[in-house]
Amino acid sequence: MKHHFSVRNVTDAATAWAASPVGLLVRMEVLATISCALLATLVFLGSSRRTSRSSAFRFIVWLALMLCYPAVSYTIGLMQSGSLRNDLVVVWACFLLGCADGIFACSVDDSDQQSRIMLNQATQVIYVLLLLLSYVSSLELQLMLLLLLLWVLNVAKLGMRLWSRLTAGRDRVLTANNWLVSKHMGHEDVRRIWDFDPDTMKGYMYVVFGEKDLEAGCAEYTMEFTGDLITVDKVWQHEGNGSLLRKDNPFSLQLKDRCLSFALFKLLRRRLSGNLLHERDDIRTLVFVRRGLAGGDSSEDYERMYRVIEVELGFLFDFFYARYPSPKQSLIPETVTFVAAVALSLCTLLSPALLRYQNSQAGNRSLVTTGVDIWLTRFVIALFVILQLFQYLSLVLSDWHKVKMLCRYLRKPSWQGHPILERLLWLMFRATLTTSYWSNSVGQYSLLHGCLQNERSFLAHMPLHKWIKGRLNRMRTVSHRTLPVSVKRAIHLLLRSEWLTNLKRGDRTLQRNNMLQELDWSTSRYQHGAVGSILVWHIATTVCGAKQQSRRLTDSDSHAIAENREVATTLSSYCAYLLFQAPELVTDQIYDARLLMEALQLRVQKFLKDNGCRSKDDMFNKFPEFKSCKLKSGYEKAILADGIKLGDQINKVADEEARWKLLSEMWVELLLSVAPSDNVTAQVKKLATGGELITHLWALLTHGGMIEKPKKPYYGS
């Protein structure tokens, strides 16, 4: 009983203290600190989602987004309804309201909820105004005027955001702007050009900047070749007085490629709204990918192709998940509001009311203070300035603004050759806050090795729910590795070659290696489709690699063997990872692929359990027995048996270098064959989780006119 009463007394005392003026002020301070932490997390870490594959990191950002507005709203509401008197509470509210302007979308669907977010901000604006009015009699006149100006500035920023959404929102861009770009690409003056050169981009009239909206009352698109319309060929063939785009400037190609990436982003964006891709049947598109991006048969520069696509997908990420103004809009309003916000912040921080706050509170017993409140005020103001600076620099140094300024440079001859302006533009183009556009990594999953790990794991014998056990096993068996240079080179080698026009789900690789008659049953003719073919070759690659896994590379191993082996094993594990983790990027039959992967895992684990396999050697020594067993039901058994059979056939190739060359080229062709997809939403969602290599190839093949997966060829008898 005594213990019960003591706990009750402590609880009652804590409740009474929390309801007291001092306790209420402490609650406000804690909530203000938490709100600041959430806002800083969103601003500084929000854009880093494109480079991170960490689920914990994404959860932290998502949690900050979910809690940010409720925390700020509750804190301001508590300040407005509280019974205590502390002048600094109004300062916290005004600056927290300004900090909350930097919130972005966390998913594709969240970006459609900006109206609700702006409504929440409007509610907060009203709360802060009521709080300001309630402190009119106690605040010093100078501080009151500064806070009122800051409140007006927040209202102006909210109005600018609303206007930007109405005039250049995502829905409008996906309809009106995509329609303009589609009409431009389908215009006969653009399509009938036959004098083209992908090296100089002559004849490639991809729109970069300057497409005009239709005039009121006009329903027909008319193309005007004016100086305001900037196309890719104009950027490449510019011969003005300026030095930024001259051929002897080593930095000029990067600037041109930035414009090219933006033009390609506009072309790719049409797939989001279902607009016609008029150039898909144009010979120029395929030549553009082979000779323009990949550089042609003799090119060894594989990095440029990936860099252009990375920047393009960076624009696509910003379009869905960030808040960048339209290139048609000026940054003057943002500059004015930034300068005003910093000026008001510094004036408030250095105002006499805050500088002599502790002395003025000493003789006023009616005001509640904790001694921490003044330091929290300074912290909130400093954080507000830092967040405003970071967001403004993110706009000025963004790729969007750089493309816009470069197009203005082309449209204004007075800028060209001006030493000061060109120097400032050069500094802006060189500076950046974006160090990477994606994680530059690929997922890795081995079906056979993963099943062996699951069978040896203690989780296999624990009575856990199927979903929980699956998640835990997935965390153990799926890994990520940095995308090897050898893989980039292998993909570039095929993209620059004439074989790009004849991707046939592996048949072309067999044809090049004179093995089409022996192994064509495993590629385009495979009875269980493209997904089954991928799994068969994945199992075969694992079987082929089993002999080399037990030994390290020696000096006798040639560089070609090591490189081809790395390409084959990496892409094999990556395709298996896609089928295991993201089948929507590979096939339209998503649920079928998931059921097949589950059935295969259960089939392999049952085989390992029945044969007592506890090591890799045991597993590969027992597999020939499975190959010869009778297949009664379930085509997953046929896939596993065919994979073991194919692995044995490939291992019979005497030349090890030829064997790994075949596997390397096969996996590049298989990956490129499944990369085309109509599931655009799935590709966009992956941009916010670190990105995928197949998304880059999807965008690249789209610009080459390859929109659909290769169809099953017919070879007659």
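Residues numbered from 1 in each chain as written. Predicted model: local features only at pLDDT ≥ 70, side-chain atom pairs only at ≥ 80, totals over all residues. Heavy atoms only, no water.

Next up on the list: the overall build of the protein. Check the secondary structure of the protein and you find 31 helices and four strands. For the protein, the proportion of contacts with a sequence separation of at least 24, taken over those separated by at least 6, is 79%. As presented, the protein carries roughly 33000 Å² of accessible surface, and 57% of it is formed by carbon and sulfur atoms. (Helix = DSSP H or I, 4+ residues; strand = E, 2+ residues; numbered from the N terminus. Contact = heavy atoms within 4.5 Å. Areas by Shrake-Rupley, 256 points an atom, 1.4 Å probe, with all protein chains shown as cover.)

Turning our eyes to something else, we now look at the packing of aromatic side chains. For the coordinates displayed, the defined rule picks out 21 aromatic pairs. Pairing Phe 319 with Phe 320 gives two aromatic rings, centres 5.3 Å apart and planes at 90 degrees, and the pair type is edge-to-face. For the pair Phe 319 and Phe 320, a shared accessibility class is recorded, and that class is buried. Put simply, the rings of Phe 262, Phe 265, Phe 315, Phe 317, Phe 319, Phe 320, Tyr 321 and Trp 400 touch in pairs and so form one group of aromatic residues. (Phe/Tyr/Trp six-rings, centres within 6.5 Å; stacked < 30°, edge-to-face > 60°. Buried < 20%, exposed > 50% of the residue type's maximum accessible area, 1.4 Å probe, protein only.)

The next point concerns the packing of helix 12 (residues 303-321) against helix 17 (residues 399-411). Their axes nearest at 10 Å, the elements helix 12 and helix 17 cross at an angle of 115 degrees. One way to sum up the angle between helix 12 and helix 17 is to call them roughly perpendicular. Here Val 311, Phe 315, Asp 318 and Phe 319 of helix 12 lie close against helix 17, whose contacting residues are Asp 399, Trp 400 and Val 403. The residue inventory of the contact of helix 12 with helix 17, partitioned by class, reads five nonpolar, no polar and two charged. (Axes fitted to C-alpha atoms, helices over the stretch in contact; angles between N-to-C directions. Parallel < 35°, antiparallel > 145°, perpendicular 65-115°, else oblique. Nonpolar A, V, L, I, M, F, W, Y, C, P; charged D, E, K, R; others polar.)

What follows covers the confidence of the model for the protein. On average, residues of the protein carry a pLDDT of 83, and 87% of them reach 70 or more. Helix 31 (residues 693-703) holds the highest mean pLDDT among the elements of the protein, 95, whereas helix 15 (residues 357-362) holds the lowest, 60. (pLDDT = per-residue confidence, 0-100.)

The next thing to look at is the nonpolar core. Judged by nonpolar contacts, the single largest core of 148 residues is most densely connected at Val 208, Trp 537, Leu 671 and Leu 693. Looking at this core, the element that brings in the most residues is helix 12, giving twelve residues. With residues up to four places along the chain from it excluded, the contact list for Trp 537 reads Leu 510, Leu 519, Ser 522, Thr 523, Leu 646, Ile 650, Leu 663, Met 666, Trp 667 and Leu 670. Ranked by size, the runner-up nonpolar core spans 59 residues in total, among them Ile 76, Leu 97, Tyr 357 and Val 380. (Core = buried A, V, L, I, M, F, W, Y, C linked by side-chain atoms within 4.5 Å.)

With that out of the way, let us pick up the pairing of strand 3 (residues 441-444). Burial of strand 3 is two-sided: the residues Ser 441 and Gly 443 facing one way and the residues Val 442 and Gln 444 facing the other way are all buried. Where strand 3 lies against strand 4 (residues 479-482), four bridges are found, and the strand directions are antiparallel. Note that in strand 4 the partner of Gln 444 across the bridge is Ser 479. (Pairing = 2+ DSSP bridges.)

Across the interface, helix 21 (residues 485-495) lies against helix 29 (residues 656-674) with an axial gap of 10 Å and an inter-helix angle of 70 degrees. As the angle between them shows, helix 21 and helix 29 are arranged roughly perpendicular. Where helix 21 abuts helix 29, its residues Ala 490, Ile 491, Leu 494 and Leu 495 lie against Val 668, Glu 669, Leu 671 and Leu 672. By residue class, the composition of the contact of helix 21 with helix 29 is seven nonpolar, no polar and one charged.

To continue, consider unusual backbone geometry. Despite not being glycine, Asn 440 shows a phi value in the positive range, around 55 degrees. Take Asn 440: it is sitting in the loop between helix 18 (419-430) and strand 3. A relative accessible area of 22% means that Asn 440 is categorised as partly exposed.

Structurally, the position occupied by Thr 337 is in helix 13 (residues 332-349). Apart from residues lying up to four places away in sequence, Thr 337 is in contact with Leu 153, Lys 157 and Met 160.

On to helix 17, then. Compared with the 18 Å implied by 1.5 Å per residue over 13 residues, the 18 Å span of helix 17 between its first and last C-alpha is a close match. For helix 17, the buried fraction is high: eleven of the 13 residues fall into the buried class. Within helix 17 the residues assigned to the buried category are Asp 399, Trp 400, His 401, Lys 402, Val 403, Lys 404, Met 405, Leu 406, Cys 407, Tyr 409 and Leu 410. (Expected span 1.5 Å × (residues − 1).)

Right, let's talk about helix 13 for a bit. Between its terminal C-alpha atoms helix 13 stretches 26 Å, which fits the 26 Å expected from 18 residues at 1.5 Å a residue. For helix 13, every residue scored as buried is listed here: Thr 337, Phe 338, Ala 341, Leu 344, Ser 345 and Thr 348. Looking down the long axis of helix 13, one finds its buried residues gathered within 140 degrees of arc, a one-sided arrangement. Exposed positions of helix 13 whose direction lies more than 90 degrees from the buried face are Ile 332 and Val 336. (Arc of directions from axis to C-beta.)

All right, on to the pattern of salt bridges then. Counted according to the given criterion, the structure contains 22 salt bridges. Its salt-bridge partner being Arg 525, residue Asp 520 comes within 3.3 Å of it at the nearest N-O pair. Take Arg 525: its relative accessible area is 38%, and that puts it in the partly exposed class. Among the charged side chains, a network of salt bridges with common partners joins Asp 197, Asp 199 and Arg 291. (Salt bridge = Lys/Arg side-chain N within 4 Å of Asp/Glu carboxyl O.)

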